[in-house]
Amino acid sequence: MPRGFTWVELLVTLAILGILTALGAPGLRALLDQRTVATQASALADALRLARAEAVKRHQRVTICNTPAPDALTPACASASTNWSTGWLIFADTNGNKVKDAHETLLHLQQALPPTVGLMLAHSKPAITFGGQGLAVANNASFLVQSLASSPPPSPPSQRCVRLAVSGRVRVLHGVC
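As the structure is a prediction and not an experimental result, all values here were calculated from the model.

1. Thoughts on the sheet that holds strand 4 (residues 117–121)
- Strand order in this open sheet of four strands is 4-6-7-8, and the pairing throughout is antiparallel. The strands lining the two open edges of the sheet, one partner per strand, are strand 4 and strand 8 (170–174). Each adjacent strand pair in this sheet contributes to an overall mean axis angle of 20°, direction not counted.
- Across five bridges, strand 4 lies against strand 6 (residues 141–147) in antiparallel orientation. Counted as the bridge partner of leucine 119 is valine 145 from strand 6.
- Running over the sheet, helix 1 (residues 7–58) touches strand 4, strand 6, strand 7 (159–164) and strand 8 and is turned about 10° from strand 7.

Structure (structure tokens):
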């Protein structure tokens, strides 16, 4: 009595496995895109909360701004870019000019996001500042975090909206802003 599998049985099993993998791969790609977008939206929301908490703790202005070169020796704020995918920095803004000066303390530096994720600010603001009471200084802001990976046609790209109210409240919502 022979033991084991024949070549035909092995090839049929591999063919079935290949078909099932081909059917499940697009769903897995969409799931990975959704998780990546959700993770990056949470990272931005956490950074906004950190900036607010540091402003309250220090009783002074704390600013968060996007930076085009987070790997630079002295990272600086971008002038008025709406693309925050390049990274951001949080600093104690002692003079309130929304620009990281040499004497100001760097509190957090976020590296660039993965190339499959886009992060755009709805309005062109150079930075967001929180006052010593935790209020956003004259700023409401909405950030759109979305997948840039090409999804299969039936599924729309994964998107999250990170909203900041003047009160300092940060919310992460599903969909566009």
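2. Quick look at the state of the cysteines
- All told, the structure shown has two disulfides when counted by the stated rule.
- Between the sulfur atoms of cysteine 161 and its disulfide mate cysteine 177 the distance is 2.3 Å. Negative torsions about the S-S bond denote left-handed disulfides, and the value of about 115° found for cysteine 161 with cysteine 177 makes this one right-handed. Of this pair, cysteine 161 sits in strand 7 while cysteine 177 sits in the segment after strand 8; the two residues are 16 residues apart in sequence, bridging distant segments of the chain.

3. Focus on the nonpolar core
- The biggest cluster of nonpolar side chains holds 26 residues, and the ones touching the most others in it are Leu48, Ile64, Phe143 and Val162.
- Secondary-structure elements contributing two or more residues to this core are helix 1, strand 1 (62–66), strand 2 (88–92), strand 4, strand 5 (128–130), strand 6 and strand 7.
- Of the residues forming this core, the biggest block, eight residues, is contributed by helix 1.
- With near-sequence residues (within four places) excluded, isoleucine 64 lies in contact with Ala47, Leu48, Ala51, Trp84, Trp88, Leu89, Ile90, Ala127 and Ile128.
- Of all hydrophobic cores here, the second largest spans five residues; its members include Cys77, Leu89, Phe91 and Ala127.

4. A short note on unusual backbone geometry
- Phi at histidine 59 takes a positive value of approximately 55°, unusual for a residue other than glycine.
- Of note, histidine 59 is situated in the loop between helix 1 and strand 1.
- One non-glycine residue with positive phi stands out, namely lysine 98, at about 60°.
- If you trace the backbone, lysine 98 turns up in the loop between strand 2 and strand 3 (106–110).
- Exposure remark for lysine 98: the relative accessible area of 24% places this residue in the partly exposed category.

5. Considerations on helix 1
- Taking 1.5 Å per residue as the helical rise, helix 1 with its 52 residues ought to reach 76 Å, and the 72 Å between its terminal C-alpha atoms agrees with that figure.
- Its maximal kink placed at glycine 24, helix 1 deviates by approximately 35°, while the proline proline 26 follows within four residues.
- All of the buried residues in helix 1 are Asp33, Val37, Ala38, Gln40, Ala41, Leu44, Ala45, Ala47, Leu48, Ala51, Glu54 and Ala55.

6. Considerations on the pairing of strand 8
- Looking at chain direction, strand 7 and strand 8 are connected through five bridges and run antiparallel. Bridge assignment links arginine 160 to a residue of strand 8, and that residue is histidine 174.
- Hairpin remark: strand 7 followed by strand 8, antiparallel, with five residues in the connecting loop; positive phi at glycine 168, about 100°.

7. Quick word on the pattern of salt bridges
- Overall, the coordinates contain three salt bridges when judged by the stated rule.
- Glutamate 54 is the partner of lysine 57 in a salt bridge, and the nearest nitrogen-oxygen pair spans 3.3 Å. Linking lysine 57 with glutamate 54, this pair stays in helix 1, spanning three residues, or about one helical turn.
- The buried category is assigned to glutamate 54, whose relative accessible area is 13%.
- Among the ionic contacts, a cluster of salt bridges with common partners joins Glu54, Lys57 and Arg58.

What counts and what doesn't
- Residues numbered from 1 in each chain as written.
- Predicted model: local features only at pLDDT ≥ 70, side-chain atom pairs only at ≥ 80, totals over all residues.
- Heavy atoms only, no water.
- Pairing = 2+ DSSP bridges.
- Helix = DSSP H or I, 4+ residues; strand = E, 2+ residues; numbered from the N terminus.
- Axes fitted to C-alpha atoms, helices over the stretch in contact; angles between N-to-C directions.
- Contact = heavy atoms within 4.5 Å.
- Disulfide = S-S within 2.5 Å.
- Core = buried A, V, L, I, M, F, W, Y, C linked by side-chain atoms within 4.5 Å.
- Buried < 20%, exposed > 50% of the residue type's maximum accessible area, 1.4 Å probe, protein only.
- Expected span 1.5 Å × (residues − 1).
- Bend = angle between axes of the 7 residues up to and from the residue.
- Salt bridge = Lys/Arg side-chain N within 4 Å of Asp/Glu carboxyl O.

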